[in-house]
Amino acid sequence: MRDTDPATAAALDYGLSQRALIAVSGRTDDVTQLITRRLVTLARSGLQALDEPTVRAVVRQAVRDIRTAPPPPPADPLADPAIAAARRLVDGLAANSHTIGLIKHTVECARPKVHPHI
């Protein structure tokens, strides 16, 4: 259920670009917690009323802070697709290096020894 009607939602324009909203769309919990903490801090500071410009500034700053902060690392590093792909690449390189070393050793051992002075 929607908690605001479309007319009210349209009035709550915080001047955020679509790019900014897309950038934080995967981190809505972080944005929500940050905005809540900042609004509670302002309310406890003795501010009588949180007017629209103040709330707008808090929201815009929170979105900017979340956009510029790196996302938290995953709880399980191997669950991160980028790390898992890099791990597979490194494992593959290590296996190939070992195979190349074995081949080189086999070729060197099979090569006839030639005296350098002949």
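Residues numbered from 1 in each chain as written. Predicted model: local features only at pLDDT ≥ 70, side-chain atom pairs only at ≥ 80, totals over all residues. Heavy atoms only, no water.

A. View of the overall build of the chain. Along its length, the chain carries five helices and zero strands. Element order for the chain, N to C, with α for helix and β for strand: α-α-α-α-α. Evaluated residue by residue, the chain yields a buried proportion of 11% over its 118 residues. Put simply, 67% of the contacts in the chain that link residues at least 6 apart link residues at least 24 apart. Accessible surface for the chain amounts to roughly 9,700 Å². Of this, 62% is attributable to carbon and sulfur atoms. (Helix = DSSP H or I, 4+ residues; strand = E, 2+ residues; numbered from the N terminus. Buried < 20%, exposed > 50% of the residue type's maximum accessible area, 1.4 Å probe, protein only. Contact = heavy atoms within 4.5 Å. Areas by Shrake-Rupley, 256 points an atom, 1.4 Å probe, with all protein chains shown as cover.)

B. View of helix α3 (residues 28–44). In this model, α3 (17 residues) spans 24 Å end to end at C-alpha, consistent with the 24 Å of a helix rising 1.5 Å per residue. In this structure, the buried residues of α3 make contact with α2 (18–24) and α4 (52–68). Directly after α3, the chain includes Gly-46, whose backbone phi takes a positive value near 100°. (Expected span 1.5 Å × (residues − 1).)

C. The nonpolar core, seen in detail. Among the nonpolar cores identified, the biggest contains eleven residues, and these are Ala-20, Val-24, Val-31, Leu-34, Ile-35, Val-55, Val-58, Val-59, Ala-62, Val-63 and Ile-66. Every element with two or more residues in this core is listed here: α2, α3 and α4. With six residues, α4 is the largest single contributor of residues to this core. For Ala-62, the contacting residues outside a window of four places in its chain are Leu-34, Ile-35 and Arg-38. (Core = buried A, V, L, I, M, F, W, Y, C linked by side-chain atoms within 4.5 Å.)

D. Focus on the pattern of salt bridges. For the structure shown, the criterion picks out four salt bridges. Two residues, Arg-27 and Asp-30, come together in a salt bridge whose shortest N-O distance is 3.2 Å. For Asp-30, a relative accessible area of 26% corresponds to the partly exposed category. Between Arg-87 and Asp-91 there is a salt bridge, and its shortest N-O distance comes to 3.9 Å. Separated by four residues within a single helix, Arg-87 and Asp-91 lie in helix α5 (residues 81–110), roughly one turn from each other. Residue classification places Asp-91 among the partly exposed residues on the basis of a relative accessible area of 42%. (Salt bridge = Lys/Arg side-chain N within 4 Å of Asp/Glu carboxyl O.)

E. Representation of the environment of Ala-62 in the model. Examined against the element boundaries, Ala-62 turns out to sit in helix α4. When its relative accessible area of 0% is taken as the criterion, Ala-62 is described as buried. Separated by 27 residues in sequence, Ala-62 and Ile-35 have C-alpha atoms that sit 6.1 Å apart.

F. Seen up close, the confidence of the model for the chain. Chain-level statistics for the chain give a pLDDT mean of 77 and a share of 76% at 70 or above. Ranking the elements of the chain by mean pLDDT puts helix α1 (residues 6–11) last with 49 and α3 first with 88. (pLDDT = per-residue confidence, 0-100.)

G. Here's a closer look at α4. Taking 1.5 Å per residue as the helical rise, α4 with its 17 residues ought to reach 24 Å, and the 24 Å between its terminal C-alpha atoms agrees with that figure. Every buried residue of α4 is accounted for by Val-55, Val-58, Val-59, Ala-62, Val-63 and Ile-66. For α4, the angular spread of the buried residues around the axis is 125°, confining them to a single face. The exposed set on the far side of α4, more than 90 degrees from its buried face, consists of Pro-53 and Thr-68. Buried residues belonging to α4 abut α2 and α3. (Arc of directions from axis to C-beta.)

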